[in-house]
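Now for the letters of each chain:
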Amino acid sequence: MIRFASVYKDYPKGAALKNVSLHIAKGEFVFLTGHSGAGKSTILKLVYGELRPTAGDVRVSGFSIGDLSPHDLPRLRRRLGVVFQDFRLLDDRTAEENVAFAMEVTGARADSIPAKVMRVLTQVGLAAKASAYPPELSGGEQQRVAIARALVNDPTILVADEPTGNLDERATRGVFQLIREINAGGTAVVMATHDLDLVRQTTYRTVELREGGVVFDSGVDEGSDTTEGLE
Amino acid sequence: MIRFASVYKDYPKGAALKNVSLHIAKGEFVFLTGHSGAGKSTILKLVYGELRPTAGDVRVSGFSIGDLSPHDLPRLRRRLGVVFQDFRLLDDRTAEENVAFAMEVTGARADSIPAKVMRVLTQVGLAAKASAYPPELSGGEQQRVAIARALVNDPTILVADEPTGNLDERATRGVFQLIREINAGGTAVVMATHDLDLVRQTTYRTVELREGGVVFDSGVDEGSDTTEGLE
Amino acid sequence: MSLLVREALLAFRRAPLLSGLSITTIGFSLYAVGLFALVAVNLREALREVEQRVEVVAYLLRGTPPEAVAQASQDIAAFPEVARVAFISEDEALRRARQELVEFRDAYRDLKVNPLPASLEIQLKDGYRDGAHTAAVAERLRGYGFVDDVRYGREWIEKLDRLRNIAGVVGLTIGLAFAAVAVVIIGVTIRITVLQRAREISIMRLVGATNGFIRGPFLVEGMLKGLFGGLLAIALCYGTYLLFRGQAELATSGIVFLRSPQLGLGVVFGVLIGLGGSLVSVGRHLRNV
Amino acid sequence: MSLLVREALLAFRRAPLLSGLSITTIGFSLYAVGLFALVAVNLREALREVEQRVEVVAYLLRGTPPEAVAQASQDIAAFPEVARVAFISEDEALRRARQELVEFRDAYRDLKVNPLPASLEIQLKDGYRDGAHTAAVAERLRGYGFVDDVRYGREWIEKLDRLRNIAGVVGLTIGLAFAAVAVVIIGVTIRITVLQRAREISIMRLVGATNGFIRGPFLVEGMLKGLFGGLLAIALCYGTYLLFRGQAELATSGIVFLRSPQLGLGVVFGVLIGLGGSLVSVGRHLRNV
Ligand SMILES: Nc1ncnc2c1ncn2[C@@H]1O[C@H](COP(=O)(O)OP(=O)(O)OP(=O)(O)O)[C@@H](O)[C@H]1O
Ligand SMILES: Nc1ncnc2c1ncn2[C@@H]1O[C@H](COP(=O)(O)OP(=O)(O)OP(=O)(O)O)[C@@H](O)[C@H]1O
Ligand SMILES: [Mg+2]
Ligand SMILES: [Mg+2]
């Protein structure tokens with residue numbers, strides 16, 4: 001599903017990833033942890049193709065990120081659901097329109113959209129705010145719109161960058177439960193988080209980064225290629 | 001220092017605060033907690049004058065927010081340090097310039113600025129990233145720039161909206177320690193947070209909101225006017 | 001398709017101020033072009049009025065028989081270049097001279113015989129009033145046996161020729177310059193609005209929109225802005241025209257407005273600029289994100 | 001103060017593309033105005049050439065003593081309106097008539113006595129060639145005993161008067177229209193760049209910047225943009241002028257460029273527009289945040 005092979009990522013002002021190798025199988029759930037600035041978001045940006053690796057190979061769902069054609073980029077992204085750390089909502093569209101837009105983009109049938117959108121918004125507990133614009137929403141509400149948008153297309157991989165940073169305990173539990181259900185349905189999940197309580201609650205695989213390198217990985221078969229053929 | 005008297009705040013799409021009365025004394029430390037959408041940010045926005053109350057009276061450091069003149073608004077804000085939930089950094093200025101700008105605004109002497117700015121950036125652990133632009137910073141790094149900017153003018157009140165939402169445990173501890181030191185120096189602190197671990201660690205006063213109303217306040221002398229005369 | 005137009009129209013609703021400003025810019029840029037076109041058209045009209053005075057005069061030998069003159073008049077009127085032929089008799093010539101030329105009032109008062117010759121005054125058709133055609137007509141007139149001399153103010157006509165050339169070159173170049181100004185300003189405006197929406201575009205790409213999907217509404221929006229801008233420009237030009245018409249009628253033979261095909265061309269120009277501007281701006285932007 | 005200018009210059013460095021686009025827009029808008037000014041100045045120049053042909057002719061009675069004429073010539077040359085006086089003798093008049101007027105070649109060939117009168121040809125100074133002044137000079141000439149008649153092509157001069165009036169009114173109005181176009185486009189551009197920076201402005205206010213503190217750099221920036229735009233417009237106009245000068249010299253007596261004060265005025269205009277545009281846009285924006 002996702003394979004990082006000796007990946008390096010340099011920014012003009014310094015290296016963000018150093019020799020990261022990582023394999024995430026279909027349907028797996030992985031926490032990415034590490035200090036602020038360790039490189040979590042950088043890994044996720046490589047997965048959804050906002051960045052290209054400086055060296056090494058990143059393969060996601062059969063696409064090679066390093067030499068992704070302009071034509072393949074949208075095709076990759078439609079298979080992913082992404083929750084951005086800074087939300088990235090369109091300020092001049094309502095919560096509902098923001099979520100619907102992600103469906104329209106895939107060419108979904110117009111009459112199937114509203115029902116699906118409302119279902120996802122209800123799941124994140126935002127049905128009542130469907131017609132509000134992002135600037136009219138609280139931080140946590142915006143974050144939940146971003147989560148709803150990531151889920152609406154039933155992605156094969158969910159990439160979530162700090163999806164509960166602005167949520168209170170109850171909302172965090174709700175959203176996390178939702179993500180687990182999605183994962184139970186077969187969607188691979190990569191989730192960067194600072195919330196160690198959340199990490200400790202479960203037995204999911206945890207990858208810890210420090211200064212751009214993987215320093216801990218609870219996954220056992222790291223590096224094995226056995227599931228690769230299934231992708 | 002801060003006094004809310006029967007404050008209501010309605011948005012076009014519904015009420016955000018209902019009959020909130022609250023008094024925060026000089027030098028006090030107060031946690032604001034509550035579910036996502038409970039009204040925490042709304043209270044803080046009233047404190048720094050981004051919003052005006054629909055009804056009731058809000059007084060901050062001697063200014064009445066409801067009828068603040070355009071001339072008084074900047075004067076109020078210079079006494080406050082504000083950490084915004086969404087950071088609000090100027091994308092085309094470096095971390096250093098962002099912090100320096102808050103000092104320049106107050107008319108601080110030009111030669112005193114660089115040293116002070118670097119000191120604060122060092123305190124939040126960002127000295128190495130001083131010349132990076134916000135889009136080149138990780139989420140947690142941006143948040144720490146926002147904190148540095150709030151602290152640089154030695155405010156009499158520090159208003160912090162979820163200042164550790166994007167920080168890992170270690171950075172959270174560091175920042176929280178910094179805020180406590182600031183408070184120990186006589187600055188009043190109002191901090192909205194979802195991090196109940198943080199709240200439970202200390203004995204600071206906690207105000208809990210639910211659906212726009214105060215449902216719990218650990219402060220004892222709520223409503224008493226005894227310290228008012230000292231402002 | 002309906003999504004395309006809906007998205008484009010939503011853009012207007014979402015950013016009414018910015019859209020209004022862009023349309024205003026496009027409208028006023030095209031207005032500048034239109035103003036120039038108005039001036040040019042009316043100058044050309046004025047030139048045409050002057051041109052109408054171009055005539056060729058053939059002085060006839062004394063004693064030419066009237067039948068010969070009548071026959072020749074008919075022949076000449078049939079020349080492809082000729083619009084009208086008028087016969088001026090010797091008496092008529094004297095009458096005119098007495099009336100018009102003060103220097104000769106005294107001179108002619110005492111004359112026993114009329115020294116002035118009869119003549120044929122020949123007016124040329126539109127488009128034949130340049131030096132070459134006039135000279136050709138004059139040459140053919142000289143072929144008649146009873147024609148003594150042919151005059152047509154060669155200098156004056158050559159001056160007109162040059163004036164026409166200059167007016168043409170200057171008009172065309174300045175017209176192009178104005179059009180270039182309009183294109184640049186409009187392109188810049190569209191580029192600015194796209195920059196303004198850079199964040200929007202990047203978010204669209206992040207959720208998997210193809211370049212075509214993103215570009216479509218922008219192009220439709222650009223075309224609509226061009227259309228509205230063009231219509232605004234026409235309205236402004238017409239307003240200016242009305243403003244002047246009253247005043248101008250007092251002094252000259254009036255001014256003319258642009259004709260429908262010219263107006264249509266202006267609007268098409270606006271739409272194409274809107275389309276092209278969006279294409280370039282969005283295209284360049286998509287490559288960069 | 002140094003902070004102000006530094007911030008304004010930083011704005012250029014921070015958003016070079018947007019600043020460049022704004023300057024281009026301002027430059028091209030002013031270029032449109034400048035082009036019109038060029039055309040207008042050169043049309044006026046052409047009109048002046050035509051005007052130079054305005055002259056008053058006083059026909060003298062036969063047998064006027066030469067001393068009287070010489071004395072009168074001196075008096076007349078001292079009139080405030082008069083530029084030059086030339087005496088045309090009877091012989092000179094006949095020679096000219098033979099040369100210029102074909103209709104009379106035959107007529108004069110047989111003459112025993114010269115029927116043409118002598119005359120004084122009087123040229124007027126710049127600014128006195130309108131109907132009223134010409135008529136006044138003619139009236140005074142009629143006062144001389146030996147002047148038989150005075151002619152000055154009243155119709156022609158009145159036409160010139162009207163032409164001058166129309167050219168003035170049309171030129172002024174269209175010039176104002178172009179200036180308005182420039183003001184609108186530039187205002188819109190500045191408004192768009194301020195909108196673009198709405199977030200920046202709101203953040204500045206949130207950290208306690210006063211309106212004056214925020215406005216200052218914007219105003220300086222607007223002025224600088226206006227300045228650069230004005231200089232760009234002058235460069236463009238000069239380029240256009242050079243382009244035409246070569247061609248125009250072949251055909252007419254050449255074209256002229258705008259004079260320094262006019263250019264200076266253009267730049268000041270640009271700076272003021274930049275300043276005014278920023279003032280209005282930022283001012284309005286600050287009220288809204
Ligand atoms: N565009 C960029 N240009 C230069 N440096 C960058 C850029 N983006 C990130 N960095 C740097 O790369 C490092 C890793 O950043 P990244 O965003 O991956 O951290 P992170 O683990 O997500 O941190 P956080 O928990 O604070 O979000 C940081 O030091 C950051 O400053
Ligand atoms: N500009 C606005 N227009 C309309 N409604 C708004 C606006 N801003 C906030 N609201 C609504 O007011 C309520 C309170 O918002 P507020 O931002 O104060 O919540 P919060 O307690 O800070 O939540 P969070 O923890 O998610 O940041 C929310 O329901 C929100 O949708
Ligand atoms: Mg991150
Ligand atoms: Mg909030």
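Scroll up to find the structure.
Residues numbered from 1 in each chain as written. Chains lettered and ligands numbered in written order. Predicted model: local features only at pLDDT ≥ 70, side-chain atom pairs only at ≥ 80, totals over all residues. Heavy atoms only, no water.

Trainee: Hey, could you run me through the overall build of chain A in this one?
Mentor: The number of helices and strands found in chain A is seven helices and ten strands. Relative to its length of 231 residues, chain A is compact, with a C-alpha radius of gyration of 17 Å against a globular reference of 17 Å. In terms of overall dimensions, chain A has C-alpha extents of about 45 × 40 × 35 Å along its principal axes. Per-residue burial for chain A yields a buried fraction of 56% across its 231 residues. Sequence-distant contacts in chain A: of pairs separated by 6 or more residues, those separated by 24 or more amount to 67%. Put simply, chain A shows about 9200 Å² of open surface, and 50% of that area lies on carbon and sulfur atoms. Treating the 27 positive side-chain charges of chain A as one cloud and the 31 negative ones as another, the clouds have centres 2 Å apart. (Helix = DSSP H or I, 4+ residues; strand = E, 2+ residues; numbered from the N terminus. Rg over C-alpha atoms; globule rule 2.2 N^0.38 Å. Buried < 20%, exposed > 50% of the residue type's maximum accessible area, 1.4 Å probe, protein only. Contact = heavy atoms within 4.5 Å. Areas by Shrake-Rupley, 256 points an atom, 1.4 Å probe, with all protein chains shown as cover. Lys, Arg positive; Asp, Glu negative; His and termini not counted. Charge placed at Lys NZ, Arg CZ, Asp CG, Glu CD.)

Trainee: Would you mind showing me how to read the site of ligand 1 here?
Mentor: By nearness alone, 20 residues border ligand 1, and S41 and T42 of chain A together with S138, G140 and E141 of chain B come closest of all. Between G39 of chain A and ligand 1, the recorded distance is 2.9 Å, taken from a backbone N or O atom to an oxygen atom. One nitrogen or oxygen atom from the main chain of G139 of chain B is found 3.2 Å from an oxygen atom belonging to ligand 1. In the complex, the protein chains occlude 91% of the 630 Å² of accessible area that ligand 1 would expose alone. When its residues are assigned to classes, the shell around ligand 1 shows five nonpolar, eleven polar and four charged. (Near = heavy atom within 4 Å. Polar contact = N/O pair within 3.5 Å; in protein donor to acceptor, adjacent residues only side chain to side chain. Nonpolar A, V, L, I, M, F, W, Y, C, P; charged D, E, K, R; others polar.)

Trainee: Looking at this structure, I do not really get the environment of E97 of chain A. What am I missing?
Mentor: Here E97 of chain A shows up in helix α3 (residues 95-105). Sequence-wise, E97 of chain A and Y133 of chain A are 36 residues apart; in three dimensions their C-alpha atoms are separated by 9.1 Å. For E97 of chain A, the contacting residues outside a window of four places in its chain are D92 of chain A together with R14 of chain C.

Trainee: What's the story with the pattern of salt bridges in this structure? I'm lost.
Mentor: Any two side chains of opposite charge can pair, so long as their charged atoms come close to each other. Under the definition given, this model contains 40 salt bridges over all chains. Residue E50 of chain B is joined to R88 of chain B by a salt bridge in which the shortest nitrogen-to-oxygen separation is 3.3 Å. Of the two residues, E50 of chain B is situated in the loop between α1 (40-47) and β4 (55-60) and R88 of chain B in the loop between β6 (80-83) and α3 (95-105); the sequence distance between them amounts to 38 residues. Overall, E50 of chain B belongs to the partly exposed group, its relative accessible area being 32%. The salt bridge partner of R142 of chain D is E139 of chain D, with a shortest N-O separation of 3.3 Å. With R142 of chain D and E139 of chain D both in helix α6 (residues 131-142) and three residues apart, the pair spans about one turn of that helix. Accessibility expressed as a relative area gives 39% for R142 of chain D, which makes it partly exposed. (Salt bridge = Lys/Arg side-chain N within 4 Å of Asp/Glu carboxyl O.)

Trainee: Which parts of the structure should I look at to understand the coordination of the magnesium ion (ligand 4)?
Mentor: Each pair of donors in an ideal four-coordinate tetrahedral metal site encloses 109.5 degrees, whereas pairs in an ideal six-coordinate octahedral site enclose 90 or 180 degrees. For the magnesium ion (ligand 4), the full set of protein donor atoms is S41 of chain B (OG) and Q85 of chain B (OE1), and the range of their distances to it is 1.9 to 2.2 Å. Taken together, the residues S41 of chain B in helix α1 and Q85 of chain B in the loop between β6 and α3 connect sequence positions 44 residues apart. (Donors = N, O, S within 2.8 Å, 3.2 Å for Na, K, Ca; no water.)

Trainee: Looking at this structure, I do not really get the pairing of β6 of chain B. What am I missing?
Mentor: Residues in a regular strand project their side chains so that they alternate between the two faces of the sheet. Residues and elements named next belong to chain B. Side chains L80 and V82 of β6 all project onto a buried face; the interleaved residues G81 and V83 project onto the opposite face, where all are buried too. As defined by bridge partners, β6 adjoins strand β7 (residues 157-161) across four bridges and the pair is classed as parallel. By the bridge assignment, V82 is partnered in β7 with V159. (Pairing = 2+ DSSP bridges.)

Trainee: I tried to follow the site of ligand 2 on my own but got confused; where do I start?
Mentor: In the neighbourhood of ligand 2, 20 residues make up the surrounding shell, with S138, G140 and E141 of chain A together with S41 and T42 of chain B lying closest. Neighbouring residues of ligand 2 are distributed over chains A and B. Measuring from a nitrogen atom of ligand 2, one finds a backbone N or O atom of E136 of chain A at 3.1 Å. Taking H194 of chain B, its side chain carries an N or O atom lying 2.9 Å from an oxygen atom of ligand 2. Notes on ligand 2: free accessible area 640 Å², of which the protein chains cover 91%. For the shell around ligand 2, the secondary structure elements donating two or more residues are α5 (139-151) of chain A together with α1 of chain B. Counted by class, the shell around ligand 2 contains five nonpolar, eleven polar and four charged residues.

Trainee: Help me out: how do you make sense of the nonpolar core in this one?
Mentor: The tendency in soluble globular proteins is for nonpolar side chains to be buried as a group. By size, the foremost hydrophobic cluster in this structure holds 153 residues, and its most contacted members are M191 of chain A, M191 of chain B, F178 of chain C together with F178 of chain D. Those residues in contact with M191 of chain B that lie beyond four places of it in its chain are F29, V30, F31, L32, A160, P163, F176, I179 and L198 of chain B. (Core = buried A, V, L, I, M, F, W, Y, C linked by side-chain atoms within 4.5 Å.)

Trainee: Hey, could you run me through the sheet that holds strand β2 (residues 82-88) of chain C in this one?
Mentor: Within a sheet, adjacent strands bond to each other through the backbone by hydrogen bonds, running parallel or antiparallel. Residues and elements named next belong to chain C. Ordered by their spatial adjacency, four strands build an open sheet running β2-β3-β1-β4, and the pairing between neighbours is antiparallel. Each end of this open sheet is capped by a strand with a single partner; those strands are β2 and β4 (147-151). Taking each pair of neighbouring strands and ignoring which way they run, the sheet shows an average axis angle of 20 degrees. In terms of strand pairing, strand β1 (residues 55-60) meets β4 through four bridges, oriented antiparallel. From the neighbouring strand, Y59 faces β4, where its bridge partner is D149. Sitting on the sheet, helix α3 (residues 66-77) is in contact with β1, β2 and β3 (119-124), with an inclination near 160 degrees to β2. Running over the sheet, helix α6 (residues 131-142) touches β1, β3 and β4 and is turned about 170 degrees from β4. (Axes fitted to C-alpha atoms, helices over the stretch in contact; angles between N-to-C directions.)

Trainee: Mind showing me how you'd approach the packing of helix α2 (residues 16-51) of chain D against helix α7 (residues 154-196) of chain D here?
Mentor: Residue and element names in this part refer to chain D. Look at α2 against α7: their axes get within 9 Å of each other, and the N-to-C directions meet at 175 degrees. Looking at the two axes, α2 sits roughly antiparallel to α7. Of the residues assigned to the contact of α2 with α7, the class counts are 17 nonpolar, eight polar and two charged. (Parallel < 35°, antiparallel > 145°, perpendicular 65-115°, else oblique.)

Trainee: How do you make sense of the sheet that holds β4 of chain B when you look at a structure like this?
Mentor: All names here are of chain B. Reading across from one edge, β2-β1-β4-β5 is the order of the four strands in this open sheet, with antiparallel pairing throughout. Two strands bound the open sheet, and with one partner strand each, they are β2 (14-24) and β5 (63-64). In the sheet, β4 pairs with β5 via two bridges, with the strands oriented antiparallel. When the sheet's bridge partners are listed, R59 is paired in β5 with S64.

Trainee: I'm lost on the arrangement of the chains in this one. Help?
Mentor: Between chains C and D lies the most contact-rich interface of the four pairs of chains that touch. Contact between chain B and chain C is absent, and the least distance between their C-alpha atoms amounts to 13 Å. Spatially, chain A is disjoint from chain D: no contact exists, and the shortest C-alpha separation is 12 Å.

Trainee: Sorry, what's going on with the interface of chain D and chain B here?
Mentor: Bring the parts together and some accessible area is lost; that lost area is often taken as the interface size. Contact with chain D, which involves 16 residues of that partner, is made by 20 residues of chain B. Buried area between chain D and chain B, both sides added, is near 1800 Å², and the carbon and sulfur share of it is 57%. Broken down residue by residue, the surface that chain D buries against chain B is led by R14, L206 and V207 of chain D, which jointly contribute 36%. Here E200 of chain D ties to R93 of chain B by a salt bridge, and the two come within 3.9 Å at their closest N and O atoms. There are four residue pairs in polar contact (both at pLDDT 80 or more) connecting chain D and chain B. Taken together, the elements giving at least two residues each to the side of chain D that touches chain B come down to α1 (2-14) and α8 (198-206) of chain D. Looking at the side of chain D that touches chain B, the element that brings in the most residues is α8 of chain D, giving six residues. (Buried area = accessible area lost by both parts, 1.4 Å probe.)

Trainee: Please clarify how the packing of aromatic side chains should be interpreted in this entry.
Mentor: Scanning the model with the defined rule gives 22 aromatic pairs over all chains in all. Taken together, a centroid distance of 6.1 Å and an interplanar angle of 65 degrees make the contact between F101 of chain B and F213 of chain D edge-to-face. With F101 of chain B in helix α3 and F213 of chain D in helix α9 (residues 211-251), the pair connects residues from two separate chains. On the basis of an interplanar angle of 90 degrees and a centroid distance of 6.1 Å, the ring pair of F28 of chain C and Y31 of chain C is categorised as edge-to-face. Of this pair, F28 of chain C and Y31 of chain C both sit in helix α2 (residues 16-51), separated by three residues, roughly a single helical turn. By relative accessible area, which is 15% here, F28 of chain C ends up buried. Members of the aromatic cluster, each reached through a chain of ring pairs, are F29, F31, F176 and Y204 of chain A. Lying over the aromatic face of F79 of chain C, R140 of chain C brings its terminal NZ or CZ to 4.2 Å of the ring centre. (Phe/Tyr/Trp six-rings, centres within 6.5 Å; stacked < 30°, edge-to-face > 60°. Lys NZ or Arg CZ within 6 Å of the ring centre and 35° of its normal.)

Trainee: Honestly, the packing of α3 of chain B against helix α4 (residues 113-123) of chain B in this entry has me stumped. Any pointers?
Mentor: Packed helices, taken two at a time, are described by their axes: the angle between them and the distance between them. All names here are of chain B. In the contact formed by α3 and α4, the axes pass within 9 Å of each other and the chain directions differ by 125 degrees. Regarding the angle of α3 to α4, the classification is oblique. α4 is crossed by α3, and the crossing has right-handed handedness. Facing α3, whose interface residues are E96, V99, A100, M103 and E104, α4 presents I113, K116, V117, M118 and L121. When the residues that make up the contact of α3 with α4 are grouped by side-chain class, the tally is seven nonpolar, no polar and three charged. (Left-handed = near helix turned anticlockwise from the far one by under 90°.)

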